[in-house]
Number of protein chains: 2
Amino acid sequence: MAPDLQGMGGGGDDKRRTVHEEVPLVHKVHVPPRGGLVKDVSHGLWETFFHDAPLRQFKGQSKHSKSWLGLKFVFPLLEWITTYTPRMFVSDFIAGLTIASLAIPQDLGYAKLAGVPSVNGLYSSFVPPLVYALLGSSRDIAIGPVAVVSLLLGTLLKQELSPTKQPQLYLQLAFTATFFAGLFQTALGLLRLGFVIQFLSHAAIVGFMAGAAVTISLQQLKGLLNITHFTTDTDFISVMTSVFQNTNEWNWRSIVIGLAFLSFLVLTKILAKKKPKLFWVSAISPLISVVLATLFVFIFRVDKYGVKVVGNIKKGVNPSSADQIFFTGKYVTAGAKIGFVAALIALTEGVAIGRTFAALRDYHIDGNKEMIAFGIMNICGSVTSCYVATGSFSRSAVNYQAGVKTAMSNIVMAIVVLITLVALTPLFKYTPNTILAAIIISAVISLVDFKAAWLIWKIDKFDFLATLGAFFGVFFVSVEIGLLVAVCISFVKILFNVTRPHTARLGNIPGTKVYRNILQYPDATLPHGIVAVRLDAAIYFSNSQYIHDKVLRYLEDETERVAKTGGPRIEYLIVDLTPVTNIDTSGIIAFEELHRILVKRNVQLAFANPGSQVIQKFDSSGYLTTLGSEWIFFSVAEGVQVCSVLLNKSAAERSV
Amino acid sequence: MAPDLQGMGGGGDDKRRTVHEEVPLVHKVHVPPRGGLVKDVSHGLWETFFHDAPLRQFKGQSKHSKSWLGLKFVFPLLEWITTYTPRMFVSDFIAGLTIASLAIPQDLGYAKLAGVPSVNGLYSSFVPPLVYALLGSSRDIAIGPVAVVSLLLGTLLKQELSPTKQPQLYLQLAFTATFFAGLFQTALGLLRLGFVIQFLSHAAIVGFMAGAAVTISLQQLKGLLNITHFTTDTDFISVMTSVFQNTNEWNWRSIVIGLAFLSFLVLTKILAKKKPKLFWVSAISPLISVVLATLFVFIFRVDKYGVKVVGNIKKGVNPSSADQIFFTGKYVTAGAKIGFVAALIALTEGVAIGRTFAALRDYHIDGNKEMIAFGIMNICGSVTSCYVATGSFSRSAVNYQAGVKTAMSNIVMAIVVLITLVALTPLFKYTPNTILAAIIISAVISLVDFKAAWLIWKIDKFDFLATLGAFFGVFFVSVEIGLLVAVCISFVKILFNVTRPHTARLGNIPGTKVYRNILQYPDATLPHGIVAVRLDAAIYFSNSQYIHDKVLRYLEDETERVAKTGGPRIEYLIVDLTPVTNIDTSGIIAFEELHRILVKRNVQLAFANPGSQVIQKFDSSGYLTTLGSEWIFFSVAEGVQVCSVLLNKSAAERSV
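Fair warning: this is a prediction, and the values are worked out from it, not measured in the lab.

Undergrad: Explain the overall build of chain A residue by residue, including any values.
TA: Across its full length, chain A carries 27 helices and eight strands. Counting only C-alpha atoms and orienting by the principal axes, one finds that chain A spans roughly 110 × 65 × 55 Å. Within chain A, contacts between residues at least 6 apart in sequence are counted, and of these 80% link residues at least 24 apart. Averaging the coordinates of the 57 positive side-chain charges in chain A and doing the same for the 42 negative ones gives two points 11 Å apart.

Undergrad: Describe the domain arrangement of chain A, and please don't skip the residues or the numbers.
TA: Structurally, chain A comprises domain 1 (13–39 + 500–655) and domain 2 (78–495). Centre-to-centre, using C-alpha coordinates, domain 1 of chain A lies 56 Å away from domain 2 of chain A.

Undergrad: Account for the interface of chain A and chain B, naming residues and giving values.
TA: Counting residues at the interface gives 107 residues for chain A, matched by 106 residues for chain B. Each partner contributes to the roughly 10200 Å² buried at the junction of chain A and chain B, and carbon and sulfur atoms together form 61% of this total. In this assembly, chain A and chain B are joined by two salt bridges. A salt bridge links lysine 617 of chain A to aspartate 460 of chain B; the nearest nitrogen and oxygen atoms lie 3.1 Å apart. Along the contact surface separating chain A from chain B lie 18 residue pairs in polar contact (both at pLDDT 80 or more).

Undergrad: Residues and numbers for the sheet that holds strand E4 (residues 515–517) of chain B, please.
TA: Residues and elements named next belong to chain B. One open sheet accounts for six strands, arranged E4-E3-E5-E6-E7-E8; its pairing is mixed. What marks the edges here is a single partner per strand, and that holds for E4 and strand E8 (632–633). Note that strand E3 (residues 503–508) and strand E5 (residues 530–535) share three bridges and pair antiparallel. Note on E5: the bridge partner recorded for alanine 504 is arginine 534. Packing against the sheet, helix H24 (residues 585–600) makes contact with E5, strand E6 (572–576) and strand E7 (604–608), and its axis sits at approximately 140° to E7.

Undergrad: Describe the UniProt feature "domain: STAS" (unreviewed entry) in chain A, with residues and values.
TA: In the numbering used here, UniProt assigns the feature "domain: STAS" (unreviewed entry) to residues 520–643 of chain A. Each end of residues 520–643 of chain A is marked by a C-alpha atom, and these two atoms are 24 Å apart; helix forms 48% of the span and strand 15%.

Undergrad: Tell me about the packing of helix H21 (residues 461–476) of chain A against helix H22 (residues 479–499) of chain A, and please be specific about residues and values.
TA: Residue and element names in this part refer to chain A. Their axes nearest at 6 Å, the elements H21 and H22 cross at an angle of 160°. The pairing of H21 with H22 is recorded here as roughly antiparallel in orientation. Read as a crossing pair, H21 and H22 show a hand that is right-handed. Between H21 and H22, the residues in contact are Asp463, Leu465, Ala466, Gly469, Ala470, Gly473 and Val474 and Val479, Ile481, Gly482, Val485, Ala486, Ile489 and Lys493, respectively. Partitioned by chemical class, the residues of the contact of H21 with H22 number nine nonpolar, three polar and two charged.

Undergrad: Talk me through the environment of valine 642 of chain B; I want residue IDs and the actual numbers.
TA: Residues and elements named next belong to chain B. Within the fold, valine 642 resides in helix H27 (residues 636–655). Taking the relative accessible area as the measure of exposure, valine 642 reaches 2% and is therefore buried. For the pair valine 642 and leucine 287, spaced 355 residues apart in sequence, the C-alpha to C-alpha distance is 78 Å.

Undergrad: Quick one: what's the story with empty space enclosed by the protein, residue by residue and with numbers?
TA: Within this structure, the stated rule accounts for five cavities of 30 Å³ or more. By volume, the largest cavity is sized at about 230 Å³. Lining of the largest cavity is provided by 18 residues; of these, His548, Asp549 and Leu552 of chain A together with His364 and Ile365 of chain B occupy positions nearest its centre. Put simply, the parts of the chain that give the lining of the largest cavity at least two residues each are helix H23 (544–565) and helix H24 (585–600) of chain A together with helix H15 (331–361) of chain B. Broken down by element, the residue count for the lining of the largest cavity peaks at six residues, all from H23 of chain A. Its residues assigned to classes, the lining of the largest cavity comprises six nonpolar, four polar and eight charged.

Undergrad: An account of the packing of aromatic side chains is needed here, citing residue identities and associated values.
TA: Residue and element names in this part refer to chain A. Tallying each qualifying case throughout the model produces 54 aromatic pairs over all chains. With a centroid separation of 5.3 Å and 90° between ring planes, the pair formed by phenylalanine 179 and phenylalanine 327 is classed as edge-to-face. Within this pair, whereas phenylalanine 179 is found in helix H9 (residues 167–190), its partner phenylalanine 327 is found in the loop between helix H14 (279–300) and helix H15 (331–360), the two being separated by 148 residues in sequence. Classification of phenylalanine 179 by relative accessible area gives buried; the value is 14%. Accessibility expressed as a relative area gives 49% for phenylalanine 327, which makes it partly exposed. Summarising the aromatic geometry, the rings of phenylalanine 607 and phenylalanine 618 are spaced 5.2 Å apart at their centres and angled 65° between planes, so their arrangement reads as edge-to-face. In this pair, phenylalanine 607 sits in strand E7 (residues 604–608) while phenylalanine 618 sits in helix H25 (residues 612–620), placing the two residues eleven residues apart along the sequence.

Undergrad: Describe the packing of H23 of chain A against H24 of chain A, with residues and values.
TA: All names here are of chain A. Taken N-terminus to C-terminus, the directions of H23 and H24 make an angle of 25°; their axes are 8 Å apart at the nearest point. By the angle between their directions, the pair H23 and H24 is classed as roughly parallel. As for the relative orientation of H23 and H24, their crossing is right-handed in sense. Contacts from Ser544, His548, Val551, Leu552 and Leu555 of H23 reach H24 at Ser586, Gly587, Ala590, Glu593, Leu594, Ile597 and Leu598. Taken together, the residues that form the contact of H23 with H24 break down as seven nonpolar, four polar and one charged.

Undergrad: Break down the side chain of lysine 72 of chain A for me, with residues and values.
TA: Positionally, lysine 72 of chain A belongs in helix H3 (residues 63–74). Residue contacts for lysine 72 of chain A: discarding those within four places in its chain leaves Leu78 and Glu79 of chain A.

Procedures and definitions
- Residues numbered from 1 in each chain as written.
- Chains lettered and ligands numbered in written order.
- Predicted model: local features only at pLDDT ≥ 70, side-chain atom pairs only at ≥ 80, totals over all residues.
- Heavy atoms only, no water.
- Helix = DSSP H or I, 4+ residues; strand = E, 2+ residues; numbered from the N terminus.
- Contact = heavy atoms within 4.5 Å.
- Lys, Arg positive; Asp, Glu negative; His and termini not counted.
- Charge placed at Lys NZ, Arg CZ, Asp CG, Glu CD.
- Domains from an automatic or database assignment.
- Buried area = accessible area lost by both parts, 1.4 Å probe.
- Salt bridge = Lys/Arg side-chain N within 4 Å of Asp/Glu carboxyl O.
- Polar contact = N/O pair within 3.5 Å; in protein donor to acceptor, adjacent residues only side chain to side chain.
- Pairing = 2+ DSSP bridges.
- Axes fitted to C-alpha atoms, helices over the stretch in contact; angles between N-to-C directions.
- UniProt positions renumbered as here; feature names shortened; annotations may be inferred.
- Parallel < 35°, antiparallel > 145°, perpendicular 65-115°, else oblique.
- Left-handed = near helix turned anticlockwise from the far one by under 90°.
- Nonpolar A, V, L, I, M, F, W, Y, C, P; charged D, E, K, R; others polar.
- Buried < 20%, exposed > 50% of the residue type's maximum accessible area, 1.4 Å probe, protein only.
- 1 Å grid on protein atoms, 1.4 Å probe; cavity = no way out; pocket = protein on both sides within 12 Å on 5 of 7 lines; lining within 4 Å.
- Points joined across faces, edges and corners; volume = space filled by probe spheres on them.
- Phe/Tyr/Trp six-rings, centres within 6.5 Å; stacked < 30°, edge-to-face > 60°.

Given below as structure tokens:
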């Protein structure tokens, strides 16, 4: 849309001095040979999608070992199974038993959060861990339903259907959402779009998780207080209103049992934190609580006094649910949408956990491959009556502390869950709901990470705003809105970042050839008549106007200062392009305009240290010719050196 | 969500050598004093919204001159009116007459594109230019209805109402949209959010404009061929189908008149391009064409043979339309939405034109102030029967070429339009539609900027993709979809840019202390046992994982290469942070993980030249303590120097 400027601007070109004749340059910036379209584009695509070079291990291998590597690539299980020892199995067995003892009571409670029958929680701790053990790369993660995803799924599903009035349709929609979640996860991994989950900032996640944990805890008041008529909303106000409007439904027996065991659970947690070697006390305390509370109810039959119990759980292994998924009809879109949101949150949690533990033990995790593993696991889950599963934060930590060696612990856990499903479900008949509520509260409360929030506050105030926004979004509105707030704040931050890049006026550190930001190094200086500026970002349409304005502003500020102090006129403006890795057409146009303005003001524009892409684009756009290639310097130091010589010469000429 | 790592990682800390004891550092990077929350936040906000320091001229002025400056700030007219000379008026008068002669026939045609009566086109060239002359800062812009905004407005309005079946409602919706467009523009300017229009990349705009120009030209086939039953869709397929299904409606007289004058108009354009001094021939040729064609129709009465004419135009000055704007009811939302889109496109075109000519004549334009001027002008327009006006690309160029001096030329044009409205409208009764079609085609065709497209192709292939996408979106679907494509491609580019920042392995340019990308400077070298890497972007949640992976990848690649050639083990990894202007919590966490992994691998991590914000955050997060402040170097050169000494020492110890 720029008008044709032929014969409109220009002028002053005749004044151009041939620098080379006057000052010999030490170094020269050459225009590198162009890569050609295909090479350019393929390099860009490669960096975007395959920067981690996932197939590098295949390079230069024989055909036979390639196929073996290929098998190991697809089934990471083969990676460790060939060197698996009985000693390792003992470790995995203990870890597997430990996480199973945690998982079973949690599953029963999380299923309630998701609005599905308790037994589906158990199902989800059987099939998905087995699939993950085959396909996943993490050795430390514990797979199953998790609190935040369960809450999110429940909130979204309840907007479409009622779990109490249309339980069958509701369950079908849950399977549909799980199926689509798996599909999206697989697709993201296969298309190597895993980086989408990086668009949620750490700060937003901390706030979101804390909000979700508090919301989940508030939801547990239903079980803890034994309330029947509880709100389906999850915000603080609704829950509190619901709690205090139904005080007549409160049951003191339920409250006493719940609070007693909650205290016990919290105490063991504190103990484990103080003495890490005693982590197992905290790990098995939920199971102990369930056993004791169930025995108590069974013996004293307090269920006859209104204390609600889990009741009968269907016996038997996961039934098929393949025929229950909606592939047509009005619920497909809803299922896909809910699945998409659940998929992203499940990945955010699962992949982060996998990476964290991989870093602790220094092995590599390919995020995109993990997504495929999560995706296939959820697709398999959706046809075997499971809902969305992912890596559980609390159980993975226990798994690690229990000394897990490989994904075998997930298999052990799955077998324990299987035994529970086929034989032990009648034992839960008298388990009071209040104990499940206590277990969930004690599990999720560690998601409120005060230490992380404090660190964010210390490091970056804007980030802390994102944390607060996400937290209050979840706390006062809903988990959905909180998520939306978190995403929006993250994006706003990106947009501000790309429109307002950092720039700096440079000065020379005395005694060196180094030029630095004069605000950070106040003793940095520059010869009179020269202004040097550094641009600290790639120049794109989103910031080109700002950079153009900002560079002129530096010049004008300095001109004004010089005018006041009566120093010599500014004749040279050197722009350091070291950090400018790339420039687009808008950037070139902004620089053209800058050049045109400076010609009018009789100030010579020069650039220092352009990267290969930048100098190439200066060349192909013809800007290099307009500017004069003698005004491209190897470094700010050399630019200043040349300009100083020229300044001295012209001063000498003037005085003659 | 990062698990508590107390007692999980660590180790290797005891191996830390006290660098200072062994190698005295030349320079030290200090942690600068913190600015405090208020200062930090206010500086951030200031840079975002007031980087151009719009009020700097008020600084240090007396109260009296402050109020005068304030008046001039609000009414830029006062800026030039006090020094206005008769000589300048002559120039402005000629320029004003020239653009009026262009504007009047264009207005009649553009009104058709927008679907409103022709007279509203003329109204829109009367009030808005007067308001702009009072409030606007550009001296070269010509205000009025423009082709692309008219097409966009027409397309969007027709989705809500039919201009033929509900003409009154349609017109009311057009005023409503204009009102909201003005409101949005004013708000964007007042809130200093003008940078939102920078999110449309130059490349996307070039494609969008070209697509719109072709679409507008195709729309003119209706007038040129004299077709009555023309499609309301604007895509190529629909228009062509419509044209060839209605060949029976074609009128050869209309076609001959249209093509003859189109050839004339195009020829004068070519002439003006070849001999810029003859620009006035091209500038007045539309008026000449209208006069000649009208006379021809009037004398030979070809309108009796079916050649369609403009017909009666209501006589008189703009009537009030304040009572016709929807402030309540079902069309408010539609009006606001349409207004929003039209506002942004009108600003994109208008502000870009203003800036371009301001740069040519080296005066300053404040984009946000311009938006307020455009906004108030459109609000005034909406209550005086005008639709959305902005700066016209073609008329502004003519204005500039005709030697305009100030916004007075807009006033002259407005007066000519006023005279036309009150006295000359009957003269258009016999003006054939085909001549208006020819004028519009010849006006918009210069929006197809092949030169710009070729430049984009040469500079950046990805950018060219955006151009093509926007063009074909408009051409084959609609102006709306084309705009959407343009916005989406622009955003995808931003997102790729923020997730995949550039990084480089560094080497020393022989004979200097300079370290550069070894891909660009292949003769750059580094001592064995050290790897140096530069990160070329601020580190945020969106790229922290990538940067973490990429740095490790550089180390692993080099380790592999060394293992093959049998060189010494890599012991030091120096990360150059020069371009890293800021880092957030996610970035700190990524660096913490990097440090933990490198400790395991017995490689020492060091940083060179962190900016003040980065070193501050290293400090406040405690990372500086974890890493050891002795591993922060002033520059890569000093880091390499220190590490080399340490390497030599340890080699000497080993050999002893």
